[in-house]
Amino acid sequence: MNTHGWDVAAAGKAGSRPPHSPALAWASGTLPRAARVAPRMSAFVAPQTLQQALAVLVCTFQRYAKQEGNRFTLSRRELRELLETELPSLGNVQVKEGAFEELMSILDTNGDEEVDFQEYIRFVAVACTLSHEFFLDFPAALPRGQ
């Protein structure tokens, strides 16, 4: 067994394979018991909204990054597709010409012409901060029916 509790030797047998995405398995509560129970917890606690949100952030990056080339980075095309698909409200905002190129140059801090996970997460943090500031005067309840 590896550190995640999966039987590596039996990985090819039905039912013994690790989940497709450990982050998704973590959010859904399907990780092996040893991997999901914290030392002080006596029983598994159902995934909470924040835990699910973290898994979605990781899985979203992974889904787009694996489309072409390096599966650990987002190319320009992958980043553009991620933004257009996952943040459709950005399409409704009138932006100046070249805004995507400006965003890409800001995110690509190491200058490799791609956005790695660390650079992506900085963008997510800024987006969360802006959302927080925008919604400060709104009720704390989650929107319904979406």
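Residues numbered from 1 in each chain as written. Predicted model: local features only at pLDDT ≥ 70, side-chain atom pairs only at ≥ 80, totals over all residues. Heavy atoms only, no water.

Caption draft 1: Spotlight on the nonpolar core. Counting 14 residues, the largest nonpolar core has Leu74, Leu79, Leu82, Leu83, Val115 and Tyr120 as its most contacted members. Elements that contribute at least two residues to this core include exactly α3 (49–65), α4 (76–86), α5 (99–107) and α6 (117–134). Excluding its chain neighbours within four sequence positions, the residues that come into contact with Leu83 are Pro88, Leu90, Phe100, Leu103 and Phe123. (Core = buried A, V, L, I, M, F, W, Y, C linked by side-chain atoms within 4.5 Å. Buried < 20%, exposed > 50% of the residue type's maximum accessible area, 1.4 Å probe, protein only. Helix = DSSP H or I, 4+ residues; strand = E, 2+ residues; numbered from the N terminus. Contact = heavy atoms within 4.5 Å.)

Caption draft 2: Representation of the pattern of salt bridges within the structure. Taken as a whole, this structure holds five salt bridges when the rule is applied. In this structure, Glu86 and Arg63 form a salt bridge, with 2.8 Å as the shortest nitrogen-oxygen distance. Here Glu86 is found in helix α4, whereas its partner Arg63 is found in helix α3, with 23 residues between them in sequence. A relative accessible area of 32% means that Glu86 is categorised as partly exposed. The partly exposed category is assigned to Arg63, whose relative accessible area is 38%. Glu68 serves as the salt-bridge partner of Arg77, at 2.6 Å between the closest nitrogen and oxygen. The class for Arg77 is partly exposed, based on a relative accessible area of 40%. The structure contains a network of salt bridges with shared partners spanning Glu68, Arg77 and Glu81. (Salt bridge = Lys/Arg side-chain N within 4 Å of Asp/Glu carboxyl O.)

So, to be careful, I would describe these as geometric facts and stop short of saying anything about function.
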